[in-house]
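Architecture at a glance
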Amino acid sequence: MRVKDGLLMAAGIDDIAVYIPRLFVDAADFASARGLDPAKLQKGLGISQMAMVDTNQDPACLAANACLKIMQKNNLSPDDIGRLYVATESALDESKAMNSYVIGMLEQVYGSESFEHCGGIETKFACVSGSYALYDNTNWIRAGEAENKHALVVVSDIAKYDLGSSGEMTQGAGAVAMLLNDHPRLLAFDPKVTATSIKDEYDFYRPIGKETPIVHGQYSNLLYLIQVKKALDAYKKKVLSTGLIKLKEGESFLDYIDYLNMHLPYSNMGKKALAYLVRHEWRTLPRWKKIIEKIGMEEPSPKDPRGTIESILADADFMAKDHQFTKLLTNTEEFQEIYEAKLASSLIAPKMIGNLYTASLYLGFRSSLEFEYQKGVDLAGKRIGFGSYGSGSSAMVFSGVIQPEYESIVKEMNIETEIGPRKKLSLEEYESIHENKLSLNQNILDGKKEFVLVDVATNPEFRGQRRYVFNE
Ligand code: COA
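Predicted model, so just to flag it, every value in this text is computed and none were measured. (Residues numbered from 1 in each chain as written. Predicted model: local features only at pLDDT ≥ 70, side-chain atom pairs only at ≥ 80, totals over all residues. Heavy atoms only, no water.)

1. A look at the overall build of the chain
Note the threshold: Working definition: helices are DSSP H or I runs of at least four residues, strands are E runs of at least two. Numbering for both runs from the N terminus. The classification of residues rests on relative accessible area computed with a 1.4 Å probe and restricted to protein chains. Under 20% of the type maximum is buried, over 50% is exposed, and intermediate values are partly exposed. Contacts between residues were defined by any pair of non-hydrogen atoms, one from each residue, lying within 4.5 Å. Using a 1.4 Å probe, accessible areas were evaluated by the Shrake-Rupley method; residue-level cover was limited to the displayed protein chains. In this tally, Lys and Arg are treated as positive and Asp and Glu as negative; His is ignored, and so are the chain termini. Here the site of a charge means NZ on Lys, CZ on Arg, CG on Asp, or CD on Glu.
For the chain, the count of helices and strands is 16 helices and 19 strands. C-alpha atoms of the chain, sized along the principal axes, occupy 65 × 60 × 40 Å. Of all 472 residues assigned to the chain, the portion counted as buried reaches 56%. Put simply, 76% of the contacts in the chain that link residues at least 6 apart link residues at least 24 apart. Carbon and sulfur atoms make up 50% of the accessible area of the chain, which amounts to about 20,500 Å² in all. The distance from the centre of the 54 positive side-chain charges to the centre of the 64 negative ones in the chain is 4 Å.

In structure tokens, the structure reads:
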């Protein structure tokens, strides 16, 4: 345990496990059913498959399956877990927290009341709440409250949009469980630099009782960029004032972030975000002059630079020029280099799985570890930056450093093996599940060695009570 200024400083992610439902919709099938060009999904948005839940799965099952995996892999007993947080925006109840369902499921395996002293809550703030949960639990460990126990933070969601809506092509489902402690083998978070931004907004929200969100997609995309940029500016101030990063003339602090993981409602949003942040960060540096020369056009600005998001989106001339400028920037050698080096590997798994809301950022992180390691890169000591965004809206920017023991975890990573054999749904099957036309027991897969939902009570006295079993 490292102690500095009276605080325990090393805290972070020791291991990570994912649970992805094995049913999926193929992007090309989906596009042809909706009369879309498949290239819009595959190239435009970066989606090749979208994971879908079976009739007997819900976000609590996904979370419990991810927790069981990480506990079994690390031979942990419930006594080793001091806290279990579930971050989700697919809440099952207005009052009962999702971690309680997860503990109920885990106790079927580990014994009744075995998690009796494991504290925790469900956290909510659209897709950013997992990052807040990680931050709070990291600080619980740093403060010395953990008493040698681990924290489990699970991000779990089902990204479900209305049939025929523009969001329907950006669905997905899955959970990522992260084990935190004071001697992390994978990543130690940088202390005192985490930064946030927040603003009361309605870019994407799900009123009580509604199963699918109300989404203003283009508004949300732009708000995401603005909010992450604001959090990044605050992060930058902190890394410079704490001395975590020391800049020389003409350098950007992004030069010192080896990998960037962004929130990924669809994988190409990562590229859009990188372009936006690079533009913001490089614009005042000497290197920008050369890039502008290569692009062959000046950076456009809106008619009303102090206008609202609505006025900017309505400024058709600016939007078209800005789109063109971004495309030209992303084609430059300078951008391609930073994209390939810092971001591209994080987009591989999300392309195969789709949107996981709270879990998207962390599936990207997991993807980046696996595919960078496969390239033969020595990841020890590399700094990873995280750009987390949640609609409604808040962003969080933070960073961490890959630890010397990372290889013992990363060398075992294989996303395809971890998902297991997948089954492609026909569009008819997909629509029946999506529209809740099938009952719980009309499941398509057998769900062996997994938690599944077997009943949701409907009688008035017990309405909403959910019963799960572990399928031997
Ligand atoms: N071939 C290749 N690319 C194509 C294409 C084709 N035939 N048709 C469109 N595209 C590209 C577009 O150029 C665009 O890429 P670009 O922005 O890099 O230029 C991309 O595909 C998406 O097209 P667009 O017209 O912007 O899509 P849309 O307006 O139909 O919807 C979302 C996209 C993401 C806004 C929508 O799916 C949505 O609302 N999703 C849910 C909410 C969400 O994800 N919010 C994000 C913030 S958290």
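2. Thoughts on the nonpolar core
Applicable threshold: Throughout, nonpolar core names a set of buried Ala, Val, Leu, Ile, Met, Phe, Trp, Tyr and Cys residues whose side chains join them through atoms within 4.5 Å.
Counting 64 residues, the largest nonpolar core has Val25, Tyr224, Val228, Tyr235, Met262 and Leu274 as its most contacted members. A per-element tally of this core places helix H6 (residues 217-242) first, with 11 residues. Sequence-distant contacts of Val25, defined by excluding residues within four places in its chain, comprise Phe30, Ser48, Gln49, Met50, Met52, Leu425, Leu427 and Tyr430. Ala11, Ala133, Leu361 and Ile419 belong to the second-largest nonpolar core, a separate cluster that totals 47 residues.

3. Some remarks on helix H7 (residues 268-282)
Short version of the rule: Helix span is expected to be 1.5 Å times the residue number reduced by one.
In this model H7 runs 21 Å from its N-terminal to its C-terminal C-alpha over 15 residues, within 8% of the 21 Å that 1.5 Å per residue would give. The element H7 is largely enclosed, with a buried count of 12 among its 15 residues. In this structure, the buried residues of H7 make contact with helix H2 (38-45), H6, strand S14 (259-262), helix H8 (287-295), helix H10 (316-331) and helix H11 (333-342).

4. Here we look at the site of the ligand
Applied cut-off: A cutoff of 4 Å decides nearness: a residue is near a molecule or strand if any of its heavy atoms lies inside that distance of it. Two N or O atoms form a polar contact when they lie within 3.5 Å of each other; inside protein one atom must be a possible hydrogen donor and the other a possible acceptor, and for residues adjacent in sequence the pair counts only when both atoms belong to side chains. Side-chain classes follow a simple rule in which Ala, Val, Leu, Ile, Met, Phe, Trp, Tyr, Cys and Pro form the nonpolar group, Asp, Glu, Lys and Arg form the charged group, and the remainder, Gly included, forms the polar group.
Of all residues adjacent to the ligand, which total 21 residues, the nearest are Lys40, Ser166, Gln218, Lys272 and His323. The contact in question runs from a nitrogen atom of the ligand to an N or O atom on the side chain of Thr170, over 3.4 Å. In isolation the ligand offers 960 Å² of accessible surface; the protein chains occlude 75% of this area. Taken together, the elements giving at least two residues each to the shell around the ligand come down to H2, H6 and H10. In terms of residue class, the shell around the ligand is built from 7 nonpolar, 10 polar and 4 charged.

5. Considerations on the pairing of strand S4 (residues 23-26)
Convention followed: Any two strands are treated as partners once DSSP identifies two or more bridges connecting them.
Both faces of S4 are covered, namely the face carrying Leu23 and Val25 and the face carrying Phe24 and Asp26. Sheet topology note: the S4/strand S5 (residues 49-52) ladder contains 4 bridges and is antiparallel. Bridged to Leu23 within S5 is Met52. Two strands pair when backbone bridges link them, and S4 and strand S17 (residues 423-424) are joined in this way by 2 bridges, in the parallel orientation. Bridging across to S17, Phe24 finds its partner in Lys424.

6. Some details on the packing of helix H3 (residues 59-73) against helix H4 (residues 98-110)
Threshold: Every angle, taken between N-to-C directions, lies between 0 and 180 degrees, and every axis is a line fitted to C-alpha atoms, over only the stretch in contact when it is a helix. Just so you know how the angles are binned, under 35 degrees is roughly parallel, over 145 roughly antiparallel, 65 to 115 roughly perpendicular, and the rest oblique. In this scheme the handedness of a crossing depends on how the near helix is turned from the far one: anticlockwise by less than a right angle means left-handed, clockwise means right-handed.
Here H3 crosses H4 at 50 degrees, and the two axes come no closer than 9 Å. Between H3 and H4, the angle is such that the two are oblique. As for how H3 packs across H4, the hand of that crossing is right-handed. Contacts between H3 and H4 pair Pro59, Ala60, Cys61, Ala63, Ala64, Cys67, Leu68, Met71 and Gln72 from the former with Met98, Tyr101, Val102, Met105, Leu106, Val109 and Tyr110 from the latter. Tallied by class, the residues present in the contact of H3 with H4 amount to 15 nonpolar, 1 polar and no charged.

7. Considerations on the packing of H8 against H10
A pair of packed helices can be characterised by two numbers: the angle between their axes and the separation between those axes. Two elements in contact, H8 and H10, have axes whose closest approach is 10 Å; the angle formed by their N-to-C orientations is 110 degrees. With respect to H10, the element H8 is oriented roughly perpendicular. Here H8 contributes Trp288, Ile291, Ile292 and Ile295 to the contact with H10, which in turn contributes Phe325, Leu328 and Leu329. Taken together, the residues of the contact of H8 with H10 break down into 7 nonpolar, no polar and no charged.

8. Remarks on the side chain of Lys342
To be explicit about the condition: For salt bridges, the criterion is a side-chain nitrogen of Lys or Arg within 4 Å of an Asp or Glu carboxyl oxygen.
Mapped onto the elements of the fold, Lys342 is located in helix H11. For the buried Lys342, no salt bridge is present, and the opposite-charge side chain at shortest range is Asp258, 5.7 Å distant. Here Leu254 takes part through its backbone oxygen, which lies 3.1 Å from a polar atom of the side chain of Lys342. In terms of polar contacts, Lys342 uses its side chain to reach the backbone carbonyl oxygen of Ile257, at 2.7 Å. When residues no more than four places from it in sequence are discounted, the contact partners of Lys342 are Leu254, Asp255, Ile257, Asp258, Tyr259 and Leu260.

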